[in-house]
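Fold and geometry: a report
If you want the building blocks of each chain, they are given just below.
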Amino acid sequence: MPTESGSCSTARQAKQKRKSHSLSIRRTNSSEQERTGLPREMLEGQDSKLPSSVRSTLLELFGQIEREFENLYIENLELRREIETLNERLAAEGQAIDGAELSKGQLKTKASHSTSQLSQKLKTTYKASTSKIVSSFKTTTSRAVCQLVKEYIGHRDGIWDVSVARTQPVVLGTASADHTALLWSIETGRCLVKYSGHVGSVNSIKFHPSEQLALTASGDQTAHIWSYAVQLPTPQPIADTIQQTCGEDEVECSDKDEPDVDADVSSDCPTIRVPLTSLKSHQGVVIAADWLVGGKQAVTASWDRTANLFDVETAELVHSLTGHDQELTHCCTHPTQRLVVTSSRDTTFRLWDFRDPSIHSVNVFQGHTDTVTSAVFTVGDNVVSGSDDRTVKVWDLRNMRSPIATIRTDSAINRINVCVGQKIIALPHDNRQVRLFDMSGVRLARLPRSSRQGHRRMVCCSAWSEDHPMCNLFTCGFDRQAIGWNINIPALLQEK
């Protein structure tokens, strides 16, 4: 009578073992369903102080969570079975391949490689399933609070900075690595003016507080002041322009899913090629520039480790602000006082006080462990700083020793902006997210991002516009587009 080989016997025993295990699992699932069904029916029948609509929504969400975890559990079991089958096949192959036995090291390497592939598949499945659970659990009110209104597409390279005019007509300005700055109609998304006077990347743009002037900083080691005159087109009804975001699952987008800018939308708008004034004195890239209160002076920040204060009318250098140990990354001015704050890669930011003409004091703020990407003023005596160390800190100018609030995030922070009236901080991240926090560090919302909307690459900057009826927050990124958002601030604060 023929006898079974050892490998066949082992395989048969393992198969029977998996079969009994499968039946056991099936029975366990059935009994669990019987057990979990009763509490849910009891819950639906119990009296509750919650409104019926809220209760039904909660029950539906928990049901979705249960189904997602059940599917994940079943997929996990299937993957484990595949691993066991693969291990058995490898064990059988290890006995004889071309008449030679595999060494233990070769067999272990092959098994490890195949198992790692299945492990990666398991991780991917788990990530996708949990992402669906999280997105399903989000309340509809959070989506209604933050709505994408308009996309501004026309640059041919990444957009470093975005700004909103402080005088009528209110326009949007963007500064890009394609060596241009564009002015946009906020309502229609149409390009109104193109500035092409720089021969390097345009790194920042700021509007004059009372005149139709723009200040741009560039990689060509200069800052330009140029005049613009625009006529706004007839806007569309606001209801037609707001793109609803409810019901869209947030998914990861590849870098290839970028706006199509084959058609140069800026070619039809007027082009300005010569500035009114060119501010020259830096020996490196001018990374940022801003107007001092009143608009009579401007400050520039450079990679040559200095910030310079200029007289706008004469273009003469008034003060050279030295002290940073590494390249500067940003500069910002106080809206009502002659104060300047500069940020640097040396992990510090400095406060420069020009309120007393005879004394120019400087204070150094230390608290970050990596590059300070930006520091901005808020109402009163507070400064908010963001850093590549993934933190945002709120400081009191009267107490420089330690921050009064710290926000910890999961990604490096770029140029932040504060809604002065409501004290809401907008944080643009390297990981394509934009989050909103209050001054005490409480997270309020995250701007929606899906396969059909939001930024596809790093978000470089944010800017609030508190007076515009259609869009009150703008963001820009290295995906070559700027986005206008409508943030329902009263609803946002009510949710808080």
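Residues numbered from 1 in each chain as written. Predicted model: local features only at pLDDT ≥ 70, side-chain atom pairs only at ≥ 80, totals over all residues. Heavy atoms only, no water.

Filter applied, for reference: UniProt positions are given in the numbering used here, feature names are shortened, and annotations may be inferred rather than shown by experiment.
Going by what an unreviewed UniProt entry lists, the protein chain is known as WD repeat-containing protein 37 and is assigned to Leptonychotes weddellii. Under the heading Subunit (unreviewed entry), UniProt records this for the protein chain: "Forms homodimers. Interacts with PACS1. Interacts with PACS2." The record held by UniProt for the protein chain lists under Function (unreviewed entry) the comment "Required for normal ER Ca2+ handling in lymphocytes. Together with PACS1, it plays an essential role in stabilizing peripheral lymphocyte populations."

Comments concerning the packing of aromatic side chains
To be explicit about the condition: Pairing of aromatic side chains here covers Phe, Tyr and the six-membered ring of Trp, requires ring centres within 6.5 Å, and sorts the geometry by plane angle: under 30 degrees stacked, over 60 edge-to-face, intermediate tilted. For the purposes of this entry, the term helix denotes a DSSP run of H or I that reaches at least four residues, the term strand denotes a run of E that reaches at least two, and both are numbered from the N terminus. Type-normalised accessible area, obtained with a 1.4 Å probe on protein chains alone, sets the label of each residue: buried when under 20%, exposed when over 50%, and partly exposed for intermediate values.
Summed over all chains, the structure comprises nine aromatic pairs. Ring centres 5.5 Å apart and planes at 80° place the aromatic pair phenylalanine 365 and tryptophan 395 in the edge-to-face group. Here phenylalanine 365 is found in strand 18 (residues 359-366), whereas its partner tryptophan 395 is found in strand 21 (residues 391-396), with 30 residues between them in sequence. The exposure classification of phenylalanine 365 matches that of tryptophan 395, with both residues buried. The structure contains a cluster of three or more aromatic residues connected by ring pairs, namely Tyr195, Phe207, Trp226 and Tyr228.

Side note on the nonpolar core
Inside soluble globular proteins, nonpolar side chains tend to come together where they are buried. So the rule is basically this: By convention a nonpolar core is built from buried Ala, Val, Leu, Ile, Met, Phe, Trp, Tyr and Cys residues, the set being connected through side-chain atoms within 4.5 Å. Residues are treated as being in contact if the distance between any of their heavy atoms lies within 4.5 Å.
Counting 25 residues, the largest nonpolar core has Phe349, Phe377, Val384, Ile425 and Leu427 as its most contacted members. Going through the elements one at a time, strand 16 (339-344), strand 17 (348-356), strand 19 (372-377), strand 20 (382-387), strand 21, strand 22 (405-408) and strand 24 (424-428) are the ones with two or more residues in this core. By residue number, the principal contributor to this core is strand 19, which donates four residues. Aside from chain neighbours lying at most four places away, what touches phenylalanine 349 is His324, Val341, Thr342, Ser343, Asn363, Val364, Phe365, Val372, Ala375, Val383, Ser385 and Trp395.

Looking at the sheet that holds strand 29 (residues 481-487)
This is how the line gets drawn: For two strands to count as paired, DSSP must find a minimum of two bridges between them. The angle between two axes is taken between their N-to-C directions and runs from 0 to 180 degrees, where each axis is a line fitted to C-alpha atoms and a helix contributes only its stretch in contact.
Spatially, the four strands line up as an open sheet ordered 1-29-28-27, and their pairing is antiparallel. On the outer flanks of this sheet lie strand 1 (146-153) and strand 27 (459-464), each paired with one strand and no other. The mean angle between the axes of side-by-side strands here comes to 20°, regardless of whether they run parallel or antiparallel. Two strands pair when backbone bridges link them, and strand 1 and strand 29 are joined in this way by seven bridges, in the antiparallel orientation. Each bridged residue has a counterpart across the sheet, and for glutamate 151 the counterpart in strand 29 is isoleucine 483.

Focus: empty space enclosed by the protein
Put simply, the rule reads: Definitions used throughout: a 1 Å grid over protein atoms alone; a cavity as a set of points that fits a 1.4 Å probe which cannot get out; a pocket as an open set with protein on both sides within 12 Å along at least five of seven lines; a lining residue as one with an atom within 4 Å of a point. Grid points are joined across faces, edges and corners, and a volume is the space filled by probe spheres set on the points. Following the grouping adopted for this structure description, the nonpolar residues are Ala, Val, Leu, Ile, Met, Phe, Trp, Tyr, Cys and Pro, the charged ones are Asp, Glu, Lys and Arg, and the polar ones are all others, Gly among them.
Per the counting criterion, the structure on display carries one cavity of 30 Å³ or more. Taken together, Arg432, Gln433, Val434, Leu447, Pro448, Arg449, Gly454, His455 and Trp485 make up the full set of residues lining the largest cavity. Looking at side-chain class alone, the lining of the largest cavity contains four nonpolar, three polar and two charged residues.

Considering the layout of surface pockets
Taken as a whole, the largest pocket encloses approximately 970 Å³ of empty space. Along its surface, the largest pocket is lined by 37 residues, and Val164, Arg166, Asn417, Val420 and Trp464 are the ones closest to its centre. Of all the secondary-structure elements, those providing two or more residues to the lining of the largest pocket are strand 2 (159-164), strand 6 (202-207), strand 11 (286-291), strand 15 (328-333), strand 19, strand 23 (417-419) and strand 27. Residue composition of the lining of the largest pocket, grouped by class: 20 nonpolar, ten polar and seven charged. A volume near 500 Å³ is recorded for the second largest pocket. Counted by class, the lining of the second largest pocket contains seven nonpolar, seven polar and five charged residues.

Topic: the environment of histidine 319
Among the secondary structure elements, histidine 319 is positioned in strand 14 (residues 317-321). A relative accessible area of 24% means that histidine 319 is categorised as partly exposed. Expressed as a C-alpha distance, the spacing of histidine 319 and leucine 309, which sit ten residues apart in the sequence, is 5.0 Å. Aside from chain neighbours lying at most four places away, what touches histidine 319 is Ala307, Asn308, Leu309, Phe354 and His360.

Some points on the pairing of strand 14
Across four bridges, the pairing between strand 13 (residues 307-311) and strand 14 is antiparallel. Its bridge partner lying in strand 14, phenylalanine 310 is registered against leucine 317. In this structure, the hairpin formed by strand 13 and strand 14 is closed by a connection of five residues, where alanine 315 is found at a positive phi of approximately 65°.

Quick notes on the pairing of strand 7 (residues 213-218)
Most of strand 7 sits inside the fold, with six of its six residues counted as buried. The turn joining strand 6 and strand 7, which pair antiparallel and follow one another in sequence, is formed by five residues. Relative to strand 8 (residues 222-227), strand 7 is paired through five bridges, and the arrangement is antiparallel. Bridge pairing in strand 8 links alanine 214 to tryptophan 226. The turn joining strand 7 and strand 8, which pair antiparallel and follow one another in sequence, is formed by three residues; a positive phi near 75° is taken by glutamine 221.

Concerning the pattern of salt bridges
Quick reminder of the rule: What makes a salt bridge here is a side-chain nitrogen of Lys or Arg within 4 Å of a carboxyl oxygen of Asp or Glu, nothing more.
Summed over all chains, the structure comprises eight salt bridges. Close ionic contact of glutamate 78 with arginine 81 constitutes a salt bridge, the shortest N to O distance being 2.6 Å. Here arginine 81 and glutamate 78 lie together in helix 2 (residues 52-93), a separation of three residues that amounts to about one turn. Taking the shortest distance from any N to any O, the salt bridge between arginine 398 and aspartate 381 comes out at 3.8 Å. Pair noted here: arginine 398 is in the loop between strand 21 and strand 22 and aspartate 381 is in the loop between strand 19 and strand 20, with a separation of 17 residues, a long-range link. Note on arginine 398: relative accessible area 67%, which makes it exposed. Put simply, Asp161, Lys206 and Arg415 are held in one network by salt bridges that share partners.

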